[in-house]
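Residue strings, one per chain:
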Amino acid sequence: MEGMHGHFASTKAMNQCDCLIALGARFNDRSTGDRTRFAPSGKVVRVDIDSSEFSKTLDDRVEVLGDVKAVLQRLTPLVASNTHEEWGRRVRELRAEEKGYADYRETLTPKRIMDIINEERDPETVVVTDVGQHQMWAAQYLTFDRPRSFITSGGLGTMGFGLGASIGAALATGRHVILVTGDGSFAMNMAELITAVDNQLPITVVMLDNRVLGMVRQMQSLFKRQRYSQTTLDRKVDYVVLAQAFGARATRATTPEEFAAQLSAALLVDGPTFVECPIDKDEFVTPVLQIGASMDELIVNMDDVKAKMGR
């Protein structure tokens, strides 16, 4: 997931470490913030198959040219075991601090939606995302213990990716697929729901509907003094009726209890299902690394968001 919205503990740990091993990482400004204040700069051991990446954005201490898998296979046997107990304690402290910032509201919040998906899905279920805030929430809160169970567009930012990828995953694996999407991304490619219906594919679409283009609007809220441009759409589309018109079973959940019951039922259907979850347009992804700021200036929760917005 992009560094701008990484977990508090891992982000802080990265910035406080005395040696950072980077495997194919590009260290863009979303991951580092102000590079002149990025603490691990000059302490990086970088492994990359592309030599043009070496010291391109940060000063590397060691540069290793090669395929990551091959390099690790060669180097791992040479590294002595070390528990680093003091550093382990520091990481545990950071994780405890992160838990203090967690969102514990019991309404139908993005975190609660992801928690329910975790509770209701089978470990074999494949989860796919589109691009946007929902993608970050999925990466932050969903848990996986099986390889190749999470498909996302990563840094490419391909809105509309999710439904086509879900169709491909369902056809390739024969497993049930949950698509986590937003109303903006779903609208980009929603006609492919016809394909899913025609082939009776076991795909459950969970759409977080905030009636805005949430990721860009969040940036405008926090960093552009709430000057909104082409992000507050407030479309009048009834997506439940639309999905039903395409031939899918569709419902709307407004409480955690409704969503849990509807998702549980949807995952038993051998065909496309759709659950719309309305959320507030001012639900933001946190933590946030501020543009041009340092890691010490993270916006860690919604209280920080309100302070930043002057509310």
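Residues numbered from 1 in each chain as written. Predicted model: local features only at pLDDT ≥ 70, side-chain atom pairs only at ≥ 80, totals over all residues. Heavy atoms only, no water.

Novice: Help me understand the overall build of the protein, please; the structure alone is not making it clear to me.
Specialist: Assigned secondary structure in the protein consists of 13 helices and 9 strands. Rg of the C-alpha trace for the protein: 21 Å, near the compact-globule value of 19 Å for 311 residues, within the 12% margin. For the protein, the residues scored as buried account for 45% of the 311 residues in total. Across the protein, contacts joining residues at least 24 apart in sequence account for 67% of those joining residues at least 6 apart. (Helix = DSSP H or I, 4+ residues; strand = E, 2+ residues; numbered from the N terminus. Rg over C-alpha atoms; globule rule 2.2 N^0.38 Å. Buried < 20%, exposed > 50% of the residue type's maximum accessible area, 1.4 Å probe, protein only. Contact = heavy atoms within 4.5 Å.)

Novice: Is there a simple way to explain the side chain of Ser221 in this structure?
Specialist: As for its position among the elements, Ser221 is in helix 10 (residues 214-223). Ser221 sits in the buried class, given a relative accessible area of 1%. In contact with Ser221, not counting residues within four places along its chain, are Gln226, Tyr228, Phe284 and Met309.

Novice: I'm lost on the packing of aromatic side chains in this one. Help?
Specialist: By convention here, two paired aromatic rings are described through the distance between centres and the angle between planes. Within the structure shown, the criterion is met by 4 aromatic pairs. Considering the side-chain rings of Phe8 and Tyr101, the 5.2 Å spacing of their centres and the 70° angle between planes classify their relative orientation as edge-to-face. Here the residue Phe8 occupies a position in helix 1 (residues 8-16), and Tyr101 occupies one in the loop between helix 4 (85-100) and helix 5 (110-120), the gap between them amounting to 93 residues. By relative accessible area, Phe8 is classed as buried at 5%. Accessibility expressed as a relative area gives 29% for Tyr101, which makes it partly exposed. The interplanar angle of 35° and the centroid separation of 5.0 Å between the aromatic rings of Phe144 and Phe150 together place this pair among those described as tilted. Look at Phe150 and you get partly exposed, because its relative accessible area is 28%. Its end group placed over the ring of Tyr228, Arg217 keeps NZ or CZ at 4.2 Å from the ring centre. (Phe/Tyr/Trp six-rings, centres within 6.5 Å; stacked < 30°, edge-to-face > 60°. Lys NZ or Arg CZ within 6 Å of the ring centre and 35° of its normal.)

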